[in-house]
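Below are the chains, spelled out letter by letter.
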Amino acid sequence: MDQFERLSQLPLRDDLRGQHPYGAPQLDVPILLNVNENTFGVPLDAKEAILKAVSDELDGLNRYPDREFTELRRALAAYLGHGLVEENIWAANGSNEVLQQLLQAFGGPGRSAMGFPPTYSMYPLLASGTGTAYVAGVRGDDYSLTAESAAGQVRAQAPNIVFLCSPNNPTGTAIGLDVVEAVYAAGEASQAIVIVDEAYAEFAHAGTPSALSLLEGRPRLVVSRTMSKAFALAGARVGYLASAPEVADAIRLVRLPYHLSAITQATAVAALRNSDALLANVEAIKVQRDRIVAELLAMGLAPAPSDSNFVFFGGLADPAAVWAGLLAAGVLIRDVGIPGHLRVTAGTEAETTAFLDGLRAILAK
Ligand SMILES: *Cc1c(COP(=O)(O)O)cnc(C)c1O
């Protein structure tokens, strides 16, 4: 009997039967460009500050941590600016947990959440885990999403929650604030919570506005961010949101007490005190991102415009073979299951060169 047959004999919830867990491959490969991590790593100054902060926590580790993580919320508000204060901030173990908590509070049985695929693959999984129906909206042929189209779909479906991912994963492109404004207005009838997932905001081209600027006067709007990408802290698991204070009050009804460990809080606060050092490589990553787009175009491929730290590209006759060929060359990228396409994270200059050289060699065959 294999593991799946054994699973099917357990008294699992009916709505989870036959489902597959999130599973980007975690392979032991020299060059990892598959899950949009910041491959530059944590700079020495920041490492030392985090080590000191964590070590200072050890004396109090017999006690539960600050349930309200007040210092962290204050530091995150200061980082975001836009006049935000600690009451506007909530944080959890990765923005995935933040999104799950939002679904626990505002979704659930009999309610629905809407996303616009291709988009972040966790939205339907988080919906199913919380018993929330997932409604898949549609985009234009070029994966664009206009204000008119998105608002029309929200009006027609009347979801309880809307996910707008900007810059969007896996396509990499940011949406205009007109889309957020229109979706928010269209969600009035169903009182939809509109979540703008800005996990990659720090990588956007200069002048790309953040939905943070729309929070004032919009109590159903939530902007989600993470320290996993630009801050190079994916392993620390810290994500957060900015919203009206009442949204955090709603989440307090569903969060586990003390969900952010003292170690996590200390790590994140120390990292935010060193944000200049941690974010120093963002510009270098953007250079490699733009280089990938330019070189893929020169190879005759079709990269999507990217405001993130990755590039989604089409024009591949056999993406599975290209993915396997790169893996054999020691470069792991992501097959997101879209015909003719693959996605690659912008790494260091050397990693990016290895990817481009490997791809050129495969396409020449
Ligand atoms: C990577 C990513 C996140 C971040 O998840 P964490 O749980 O904060 O690591 C959130 N949203 C999108 C769209 C992402 O690609």
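Residues numbered from 1 in each chain as written. Predicted model: local features only at pLDDT ≥ 70, side-chain atom pairs only at ≥ 80, totals over all residues. Heavy atoms only, no water.

Asker: Can you help me understand the overall build of the protein chain in this one?
Answerer: Looking only at helices and strands, one finds 13 helices and 12 strands in the protein chain. Scaling as 2.2 N^0.38, a compact globule of 365 residues should have a C-alpha radius of gyration of about 21 Å, and the protein chain matches this with 21 Å. When the backbone C-alpha atoms are referred to their principal axes, the protein chain occupies close to 60 × 55 × 50 Å. Out of the 365 residues in the protein chain, the part that is buried amounts to 52%. Taking as baseline every contact in the protein chain between residues at least 6 positions apart, the subset at least 24 positions apart corresponds to 73%. (Helix = DSSP H or I, 4+ residues; strand = E, 2+ residues; numbered from the N terminus. Rg over C-alpha atoms; globule rule 2.2 N^0.38 Å. Buried < 20%, exposed > 50% of the residue type's maximum accessible area, 1.4 Å probe, protein only. Contact = heavy atoms within 4.5 Å.)

Asker: Is there a simple way to think about the layout of surface pockets in this case?
Answerer: Any empty space left between the atoms is revealed when a probe the size of a water molecule rolls over them. Considered as a void within the structure, the largest pocket measures approximately 920 Å³ in volume. What lines the largest pocket is a set of 42 residues, among which Tyr22, Ala24, Val35, Tyr120 and Arg334 lie closest to the centre. Listed by contribution, the elements that provide at least two residues to the lining of the largest pocket are α4 (95-106) and α5 (122-129). If one sorts the elements of the lining of the largest pocket by residue count, α5 sits on top with three residues. Residues of the lining of the largest pocket, tallied by class, amount to 22 nonpolar, 13 polar and seven charged. Of the domains in this structure, domain 1 (23-43 + 277-364) and domain 2 (44-273) are the two that each give at least three residues to the lining of the largest pocket. Taken as a whole, the second largest pocket spans an internal volume of roughly 260 Å³. Breaking the lining of the second largest pocket down by element, the ones donating at least two residues are α2 (44-57), α3 (70-80) and α9 (262-273). Class assignment of the residues belonging to the lining of the second largest pocket gives a composition of nine nonpolar, three polar and four charged. (1 Å grid on protein atoms, 1.4 Å probe; cavity = no way out; pocket = protein on both sides within 12 Å on 5 of 7 lines; lining within 4 Å. Points joined across faces, edges and corners; volume = space filled by probe spheres on them. Nonpolar A, V, L, I, M, F, W, Y, C, P; charged D, E, K, R; others polar. Domains from an automatic or database assignment.)

Asker: Would you mind going over the nonpolar core with me for this structure?
Answerer: The nonpolar side chains of a soluble globular protein tend to be buried, and buried together. Formed by 75 residues in total, the largest nonpolar core has its most connected members in Leu72, Leu102, Leu164 and Met227. Aside from chain neighbours lying at most four places away, what touches Leu102 is Gly107, Ile161, Ile195, Val222, Leu241, Val247 and Ile251. If you look at the next biggest cluster of nonpolar residues, it comprises 27 residues, including Ile31, Ile292, Val311 and Ile333. (Core = buried A, V, L, I, M, F, W, Y, C linked by side-chain atoms within 4.5 Å.)

Asker: Help me understand the sheet that holds strand β8 (residues 239-243) in this model?
Answerer: Working definition: the strands of a sheet are paired by backbone hydrogen bonds and lie parallel or antiparallel to each other. Pairing is mixed in the open sheet, where seven strands are placed in the order β2-β8-β7-β6-β5-β3-β4. Edge positions in the sheet fall to β2 (89-92) and β4 (133-136), since each has one partner strand and no second. Geometrically, the sheet is characterised by an average inter-axis angle of 25° between neighbouring strands, direction not taken into account. Examined bridge by bridge, β2 and β8 share four bridges and lie antiparallel to one another. Bridged to Trp90 within β8 is Leu241. Along the sheet face, α5 touches β4, β5 (161-165) and β6 (193-197) and points at about 155° away from the line of β4. (Pairing = 2+ DSSP bridges. Axes fitted to C-alpha atoms, helices over the stretch in contact; angles between N-to-C directions.)

Asker: What should I look at first to understand helix α11 (residues 282-298) in this one?
Answerer: A rise of 1.5 Å per residue sets the reference length of α11, with its 17 residues, at 24 Å; its end C-alpha atoms lie 24 Å apart and thus fit the reference within 8%. Of all the residues in α11, the buried ones are Val282, Ile285, Lys286, Gln288, Arg289, Ile292, Val293 and Leu296. Seen along its axis, α11 keeps its buried residues to an arc of 160°; they face one direction. Turned more than 90 degrees off the buried face of α11, the exposed positions are Val287 and Ala298. Contacts made by the buried residues of α11 are with β9 (302-303), β10 (310-314), β12 (342-345) and α13 (349-364). (Expected span 1.5 Å × (residues − 1). Arc of directions from axis to C-beta.)

Asker: Hey, could you run me through the site of the ligand in this one?
Answerer: Near the ligand you find 13 residues, and of these Ser95, Tyr200, Thr226, Ser228 and Lys229 are the closest. Backbone polar atom of Ser95 to an oxygen atom of the ligand: 2.6 Å apart, as the coordinates give it. About the coverage of the ligand: the protein hides 95% of its 390 Å² of free accessible area. Here the ligand occupies the largest pocket. Residue composition of the shell around the ligand, grouped by class: four nonpolar, six polar and three charged. (Near = heavy atom within 4 Å. Polar contact = N/O pair within 3.5 Å; in protein donor to acceptor, adjacent residues only side chain to side chain. Areas by Shrake-Rupley, 256 points an atom, 1.4 Å probe, with all protein chains shown as cover. Sits in = over half its atoms within 2 Å of the grid points.)

Asker: So what exactly am I meant to see when it comes to the side chain of Ser224 here?
Answerer: Considering the arrangement of structural elements, one finds Ser224 in strand β7 (residues 221-226). When neighbours within four sequence positions are excluded, Ser224 is seen to be in contact with Ser95, Leu99, Ile195, Val196, Asp197, Glu198, Ala199, Tyr240 and Leu241.

Asker: What is the right way to read the domain arrangement of the protein chain from this model?
Answerer: Frequently, the measure chosen for interface size is the accessible area that the parts lose on association. Domain annotation of the protein chain identifies domain 1 (23-43 + 277-364) and domain 2 (44-273). Taken together, the contacts link 26 residues of domain 1 with 28 residues of domain 2. Roughly 2,300 Å² of surface becomes buried between domain 1 and domain 2 when both sides are summed, with 62% attributable to carbon and sulfur atoms. Among the residues of domain 1 in contact with domain 2, Val42, Leu278 and Asp307 are the three that bury the most area, contributing 28% of the side total. Seen at the junction of domain 1 and domain 2, the total is zero salt bridges. Applying the counting rule to domain 1 against domain 2 returns 16 residue pairs in polar contact (both at pLDDT 80 or more). A total of five residues in the side of domain 1 that touches domain 2 trace back to one element, the largest contributor, which is α11. For the side of domain 1 that touches domain 2, a count of residues per class yields 13 nonpolar, seven polar and six charged. (Buried area = accessible area lost by both parts, 1.4 Å probe. Salt bridge = Lys/Arg side-chain N within 4 Å of Asp/Glu carboxyl O.)

Asker: Before we go on, may I ask you to explain the pattern of salt bridges in this structure?
Answerer: It is possible for side chains of opposite charge to pair when their charged atoms get near one another. Inspection of the entire model under this criterion finds 17 salt bridges. A salt bridge links Arg291 to Glu295; the shortest N-O distance between them is 3.3 Å. Of this pair, Arg291 and Glu295 are both found in helix α11, four residues apart, which corresponds to roughly one turn of the helix. We classify Arg291 as partly exposed; its relative accessible area is 22%. Through salt bridges that share partners, Glu68, Arg73, Asp249 and Arg252 make up one connected network.

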